[in-house]
Amino acid sequence: MSRIPSPGRTLVTRRATLAAAGAAAAFLALPAFVRHAAAAKLPSLTLYGPPAGPSVTLAHAVASGAFSEIADKAEFKVWRNPDEMRAGLTSGTMQALILPVQVAANLYNRGMGVRLLNVLTTGLLYVISTDPTLSSIPALKGRTLAVPFRNDMPDLVLARLLAHHGMVPGTDIALESAGSPIEAIQLLMAGRVDAVLSTEPAVSAAILRGAAGGKAVRRVIDVQKAWAEAPGGSPVLPQAGMALTVPFMEANPGIADALQEIAEKATESVNANPPRAAADASAALEMPAAVLVASLATSNLVARRAIDERPAIEAMLTTLSEADPAIIGGKLPDDGFYL
């Protein structure tokens, strides 16, 4: 004959069930890293990125304590030029960083143990000038355009746009190399070039600096729109994202999912409250908060998983590499590239 449980036993059982359910819910609420990894939190986590829009997302996340569940200490550091970034990857110093998607594809195809986690902007490239008539790529014919970081992402996008409009560098347009966006802006302010191709927040810095000096510097060309008008282009220019090294992921199971969750929440926070995000990121990016907050409206910040953005990424890489497949390592990256 079956036993009827006593009221006391029933209460204990219900309590145990509710406690277990609560524990399960709490567990699922934890970041992916904590759910998947048996090890303790990371003692420290350093994230790297360029002095550009997507870095505001990570710098804001660090300042707001968003990484506290997965690391005892988190910090964000800026890499100043592509050579510094590549050296950091090669040495293993940089294990979680923001970089141009084209660079990530190139490194992956060359055998560097790096994978793309996400896309953090759908394009933040602009041409700025004091001449409002330079409002299209063809309008730049016969003019001088300063371009920082030649042979890297902005320059490659420009090369494709010039080719689309049948313009030959050195013949139809003079390109002035600059070591950094700041150097390019200085050339514009000195009147040595007619326009500058650069990214946010350097673009906003130039506009504010011009206003302070009595010069009306404008965004004369939205490169994202120009890209959409070119064959093979689209309104989405998945310019940069976060990449992780294979050794870093192998040593920390679940870290990719955790970082993606944090990036998504941080991006929402940046877009919802630009002044706070700018204030949080100012010191890390070594830029005034006023410049950063002005730039966020035109930085097109997102946090989209790389695997979900694969069609847009492949479309961009295919178009960029038509003239020179070597810029992406000779081929489109395979499945292993996308996290």
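Residues numbered from 1 in each chain as written. Predicted model: local features only at pLDDT ≥ 70, side-chain atom pairs only at ≥ 80, totals over all residues. Heavy atoms only, no water.

Chemist: Sorry, what's going on with the sheet that holds strand 10 (residues 218-222) here?
Modeler: Strand order in the open sheet formed by five strands is 8-7-9-6-10, with mixed pairing between adjacent strands. On the outer flanks of this sheet lie strand 8 (174-178) and strand 10, each paired with one strand and no other. Strand after strand, the sheet turns through a mean of 30° between neighbouring axes, direction not considered. Inspection of the sheet shows strand 6 (residues 125-129) paired to strand 10 by four bridges, in the antiparallel sense. Counted as the bridge partner of Val127 is Ile221 from strand 10. Across the sheet, helix 7 (residues 181-189) touches strand 6, strand 7 (144-148), strand 8 and strand 9 (195-199), and the angle it forms with strand 9 is around 155°. (Pairing = 2+ DSSP bridges. Helix = DSSP H or I, 4+ residues; strand = E, 2+ residues; numbered from the N terminus. Axes fitted to C-alpha atoms, helices over the stretch in contact; angles between N-to-C directions. Contact = heavy atoms within 4.5 Å.)

Chemist: Please explain unusual backbone geometry as it appears in this structure.
Modeler: Excluding glycine, most residues fall at negative phi; most peptide bonds, likewise, are trans. Backbone torsion omega between Glu200 and Pro201 reads 10°, so that peptide bond is classified as cis. Relative to the elements of secondary structure, Pro201 occurs in the loop between strand 9 and helix 8 (202-212). You will see that Glu286, though not glycine, has its phi angle at about 55°, which is positive. Examined against the element boundaries, Glu286 turns out to sit in the loop between helix 12 (274-285) and helix 13 (289-296). Judged by its relative accessible area of 63%, Glu286 falls in the exposed class. (Buried < 20%, exposed > 50% of the residue type's maximum accessible area, 1.4 Å probe, protein only.)

Chemist: Explain the nonpolar core here, please?
Modeler: Inside soluble globular proteins, nonpolar side chains tend to come together where they are buried. One finds Leu140 and Leu145 to be the most contacted residues of the largest nonpolar core, which totals 51 residues. Beyond its immediate sequence surroundings of up to four residues, Leu140 is in contact with Leu134, Leu145, Met167, Asp172, Ile173, Ala195 and Ile221. Within the second largest apolar cluster, 39 residues are counted, among which are Ala59, Ala278, Ala281 and Leu292. (Core = buried A, V, L, I, M, F, W, Y, C linked by side-chain atoms within 4.5 Å.)

Chemist: Would you mind showing me how to read helix 4 (residues 82-91) here?
Modeler: For an α-helix the count is 3.6 residues per turn, leaving residues at separations of three or four pointing the same way. Taken as a whole, helix 4 has its buried residues at Pro82, Met85, Gly88 and Leu89. Mapping the buried residues of helix 4 onto a view down its axis gives an arc of 125°, with all of them on the same face. Seen from the open side of helix 4, the exposed residues pointing more than 90 degrees away from its buried face are Asp83, Thr90 and Ser91. Looking at the packing, one finds that the buried side of helix 4 touches strand 3 (96-100), helix 5 (101-109) and strand 11 (240-245). The opening residue of helix 4, the one whose side-chain oxygen lies 3.1 Å from the backbone nitrogen of Asp83, is Asn81. Two residues or fewer past helix 4, Gly92 is found with a positive phi of approximately 85°. (Arc of directions from axis to C-beta. Polar contact = N/O pair within 3.5 Å; in protein donor to acceptor, adjacent residues only side chain to side chain.)

Chemist: Just checking my understanding: could you explain the pattern of salt bridges for this structure?
Modeler: Once their charged atoms are close, side chains differing in charge can pair, the charge on each being opposite to the other. Counted by the stated rule, this structure contains 13 salt bridges. Note that Asp152 is salt-bridged to Arg86, the shortest N-O span being 2.9 Å. In this pair, Asp152 is assigned in the loop between strand 7 and helix 6 (153-164) and Arg86 in helix 4, connecting sequence segments 66 residues apart. According to the relative accessible area criterion, Asp152 is buried, its value standing at 9%. Arg160 is paired through a salt bridge with Glu322; the nearest N and O atoms lie 3.4 Å apart. Note that Arg160 is positioned in helix 6 and Glu322 in the segment after helix 14 (310-320), a separation of 162 residues in sequence. Arg160 gets classed as buried once you look at its relative accessible area, which sits at 14%. (Salt bridge = Lys/Arg side-chain N within 4 Å of Asp/Glu carboxyl O.)

Chemist: Explain the side chain of Gln260 here, please?
Modeler: Following the sequence through the fold, Gln260 ends up in helix 11 (residues 255-272). A polar contact is formed between the side chain of Gln260 and the side chain of Asn118, at a distance of 2.9 Å. A distance of 2.9 Å separates a polar atom in the side chain of Gln260 from a polar atom in the side chain of Glu264. The contact partners of Gln260, leaving out residues within four places of it in the chain, are Leu117, Asn118, Ala303, Arg304 and Arg305.

Chemist: Would you mind showing me how to read the confidence of the model for the chain here?
Modeler: Low pLDDT marks regions whose predicted coordinates should not be analysed in detail. Of all residues in the chain, 88% have pLDDT values of 70 or greater, and the mean over the chain is 89. Between residues 1-28, whose pLDDT stays under 50, and residues either more than four places distant or in other chains, the model counts three contacts. (pLDDT = per-residue confidence, 0-100.)

Chemist: Honestly, the packing of helix 3 (residues 53-63) against helix 11 in this entry has me stumped. Any pointers?
Modeler: Helix-helix packing is described using two parameters, namely the angle between the two axes and the distance between the axes. For the pair helix 3 and helix 11, interaxial distance at closest approach is 9 Å and the crossing angle is 100°. By the angle between their directions, the pair helix 3 and helix 11 is classed as roughly perpendicular. Contact residues: Val56, Thr57, His60 and Ala61 in helix 3; Ile262, Ala263, Ala266, Thr267, Ser269 and Val270 in helix 11. Grouping the constituent residues of the contact of helix 3 with helix 11 by class yields six nonpolar, four polar and no charged. (Parallel < 35°, antiparallel > 145°, perpendicular 65-115°, else oblique. Nonpolar A, V, L, I, M, F, W, Y, C, P; charged D, E, K, R; others polar.)

Chemist: Would you explain the environment of Ala74 in this entry?
Modeler: Turning to its location among the elements, Ala74 is positioned in strand 2 (residues 74-78). For the pair Ala74 and Thr46, spaced 28 residues apart in sequence, the C-alpha to C-alpha distance is 5.8 Å.

Chemist: Even after reading the chapter, I still don't get the side chain of Thr267, so can you show me in this structure?
Modeler: Along the polypeptide, Thr267 turns up in helix 11. Assessed through its relative accessible area of 5%, Thr267 is described here as buried. Beyond its immediate sequence surroundings of up to four residues, Thr267 is in contact with Thr57, Leu301, Val302 and Ala303.

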